[in-house]
Amino acid sequence: DNNDNDNDDEYNYLTSLPADPPLLLAKETSGTNVGDQVVKDSAELVSQLARIRAVTVTGTVELETLTLKQLTKAKYNYNSRRYPLAFGGSYNCDDNGKKRDRPVDDDDDDDDDEDVEIPTRKERRVYDATQGCLCPLLDILNHREGNKEQLSFDYTSDPLILKVKTRVTVTKGDEIYSNYGCGISNDQLLLQFGFCDMALPSVFTVVLGGERFDLRATTTDTDANAAGLPAHLVSDGGHGLHGHLSKKLAALLAADESSNPQVVWYMTQQRKLLEELLAQCDALDYSGSSSEEE
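Residues numbered from 1 in each chain as written. Predicted model: local features only at pLDDT ≥ 70, side-chain atom pairs only at ≥ 80, totals over all residues. Heavy atoms only, no water.

**Some words on the overall build of the protein chain**
For clarity, the threshold we go by: Only DSSP runs of H or I with at least four residues qualify as helices, and only runs of E with at least two residues qualify as strands; both kinds are numbered from the N terminus onward. Each residue is assigned to one of three classes by its accessible area relative to the maximum for its type, calculated with a 1.4 Å probe on protein chains only: buried under 20%, partly exposed between the two thresholds, exposed over 50%. When checking whether two residues touch, look at their non-hydrogen atoms; a contact exists if any pair is within 4.5 Å. Values of accessible area rely on a 1.4 Å probe in the Shrake-Rupley scheme; residue burial ignores everything except the protein chains shown.
Along the protein chain, the regular secondary structure elements total nine helices and eight strands. Evaluated residue by residue, the protein chain yields a buried proportion of 33% over its 294 residues. In the protein chain, the share of contacts with a sequence separation of at least 24, taken over all contacts with a separation of at least 6, comes to 66%. Looking at the protein chain as shown, the accessible area adds up to about 18,600 Å², and 50% of this sits on carbon and sulfur atoms.

Pasting the structure below:
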């Protein structure tokens, strides 16, 4: 009932979040790393919804009627706006970020739990990548790459205050930016925040034997290794990589056309990148490797 919640800051904030966020579709991003992750995320959301329904207390109407589309939107709004729990503190990590058990009271009478070391405020602020918090107003700051040092944050729990200070001179009317992640890629920006930074270079990721290779195109050097094709991936002269990239390009070209301009731009850049990477493979002599296999 909205009338009962008009003066509830938490309710008003949550209802201000986008009701129809720009969700990504696997059929519109196929052939890309984003498309592969969308498929995995969709499967995980289906699993999460099943677990929610399994533990829902009868009578909790909101959860009993929760749909996959509603959960997907909620997850997007959370992921696109969350800040590290370091603002609020976490008991799960020590100063080196190593996970540890929470202090527990063993409920006996020997008072030995008085010796349990309670984490300091500094320890509680260690970043825990598995958790996050929502920060109203702060989450409306736009992203700008290379803006890591513009803002500093200070948190106090009593009273609950988050202070944001600029490290640069700001005049009235200037926009203040945040950095959504130092070294973040367009894959990550599109997946988590729904947009691309057109100033960033395009990247296509290949995983081989558990090792990740981020491939970028180049027009300044014809040598495969200098162009960014790792020796591990072209040890057969580029035959295997060429086949992998060819399949990805075919899937990309068969993807449904998106009405989201950010997705359209991303898919265009990925197509160009795959074509350039394939040209780099073509410049290698992998005919010998393929003939030997035959």
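**Regarding the pattern of salt bridges**
Rules: The salt bridge definition used is simple: a Lys or Arg side-chain nitrogen within 4 Å of an Asp or Glu carboxyl oxygen.
Tallied over the entire structure, the rule returns six salt bridges. A salt bridge links Asp 214 to Arg 212; its shortest N-O distance comes to 3.1 Å. Residue classification places Asp 214 among the partly exposed positions, given a relative accessible area of 32%.

**Examining the packing of helix α6 (residues 186–193) against helix α8 (residues 261–282)**
Counted only if it meets this: The convention used is that axes are lines fitted to C-alpha atoms, helices contributing only their stretch in contact, and that angles between N-to-C directions extend from 0 to 180 degrees. Roughly parallel covers angles under 35 degrees, roughly antiparallel covers those over 145, roughly perpendicular covers 65 to 115, and oblique covers all other angles. Here is the rule for handedness: rotate from the far helix to the near one, and if that takes an anticlockwise turn smaller than a right angle the crossing is left-handed, while a clockwise turn gives right-handed. Under this grouping Gly is polar, as are all residues other than the nonpolar Ala, Val, Leu, Ile, Met, Phe, Trp, Tyr, Cys and Pro and the charged Asp, Glu, Lys and Arg.
At a closest axis distance of 12 Å, the pairing of α6 and α8 adopts a crossing angle of 155°. Here α6 lies roughly antiparallel to α8, going by the angle between them. By crossing handedness, the relation of α6 to α8 is classed as left-handed. Across the interface between the two elements, Asn 186, Asp 187 and Leu 190 from α6 touch Gln 262, Val 263, Trp 265 and Tyr 266 from α8. Residue composition of the contact of α6 with α8, by class: four nonpolar, two polar and one charged.

**Focus on the packing of aromatic side chains**
The cut-off we apply is this: Planes of paired rings set the category: under 30 degrees apart is stacked, over 60 is edge-to-face and the rest tilted, where pairs are Phe, Tyr or Trp rings (Trp by its six-membered ring) whose centres lie within 6.5 Å.
Overall, the coordinates contain one aromatic pair when judged by the stated rule. Ring plane angle 45° and centroid distance 6.4 Å describe the contact between Phe 193 and Phe 195, whose orientation is recorded as tilted. Given the relative accessible area of 22%, Phe 195 is considered partly exposed.

**Concerning unusual backbone geometry**
You will see that Leu 137, though not glycine, has its phi angle at about 75°, which is positive. Note that Leu 137 resides in the loop between β2 (132–134) and β3 (142–143).

**A look at the nonpolar core**
We count it as follows: Think of a nonpolar core as a cluster: buried Ala, Val, Leu, Ile, Met, Phe, Trp, Tyr and Cys residues, connected wherever their side-chain atoms sit within 4.5 Å.
Ranked by size, the top nonpolar core spans 26 residues in total, and within it Leu 215, Leu 241 and Leu 245 carry the most contacts. Looking at this core, the elements with two or more residues in it are α2 (33–55), β7 (204–208), β8 (211–215), α7 (239–253) and α8. Residues Tyr 83, Cys 133, Leu 141 and Leu 151 belong to the second largest nonpolar core, which totals six residues.

**Topic: the pairing of β8**
This is how it is decided: At least two DSSP bridges between two strands are needed for those strands to be called paired.
In the sheet, β7 pairs with β8 via five bridges, with the strands oriented antiparallel. In the sheet register, Phe 204 faces β8, and the bridge partner there is Leu 215. A loop of two residues connects β7 with β8, the two strands running antiparallel in sequence, and Gly 209 in this loop sits at a positive phi of about 60°.

**Examining α2**
Under the convention used in this document: Expected helix span is taken as 1.5 Å per residue step, with the number of steps being one fewer than the number of residues.
End to end, α2 covers 33 Å across 23 residues, agreeing with the expected 33 Å (1.5 Å per residue, within 8%). In this structure, the buried side of α2 is in contact with α4 (68–81), α6, β7 and α8.

**Thoughts on the environment of Gln 188**
By the element assignment, Gln 188 lies in helix α6. Taking the relative accessible area as the measure of exposure, Gln 188 reaches 41% and is therefore partly exposed. Counting along the chain gives 154 residues from Gln 188 to Val 34, while the straight-line C-alpha distance between them is 8.1 Å. Every residue in contact with Gln 188, bar those within four places of it in the chain, is listed here: Gly 183 and Phe 193.

**A few points about the environment of Gln 192**
Which entries qualify depends on this criterion: N or O atoms within 3.5 Å of each other form a polar contact, as long as, within protein, one can give a hydrogen and the other can take it, and as long as residues adjacent in sequence are counted only when both atoms are side-chain atoms.
The residue Gln 192 is located in helix α6 in this model. Since its relative accessible area comes to 27%, Gln 192 is described here as partly exposed. Distance in space between the C-alpha atoms of Gln 192 and Tyr 180 is 9.8 Å, their sequence separation being 12 residues. Apart from the residues lying within four places of it in its own chain, the contact partners of Gln 192 are Tyr 76, Asn 79, Ser 80 and Arg 82. At 2.7 Å, the side chain of Gln 192 forms a polar contact with the backbone oxygen of Asn 79.

**Observations concerning the confidence of the model for the protein chain**
Here is the rule we go by: pLDDT is a per-residue confidence score from the predictor, ranging from 0 to 100.
Looking at the protein chain, pLDDT values average 75 and 68% of them are 70 or higher. For residues 287–294, every residue scores under 50 in pLDDT, and the model assigns this stretch four contacts once sequence neighbours within four places are set aside.

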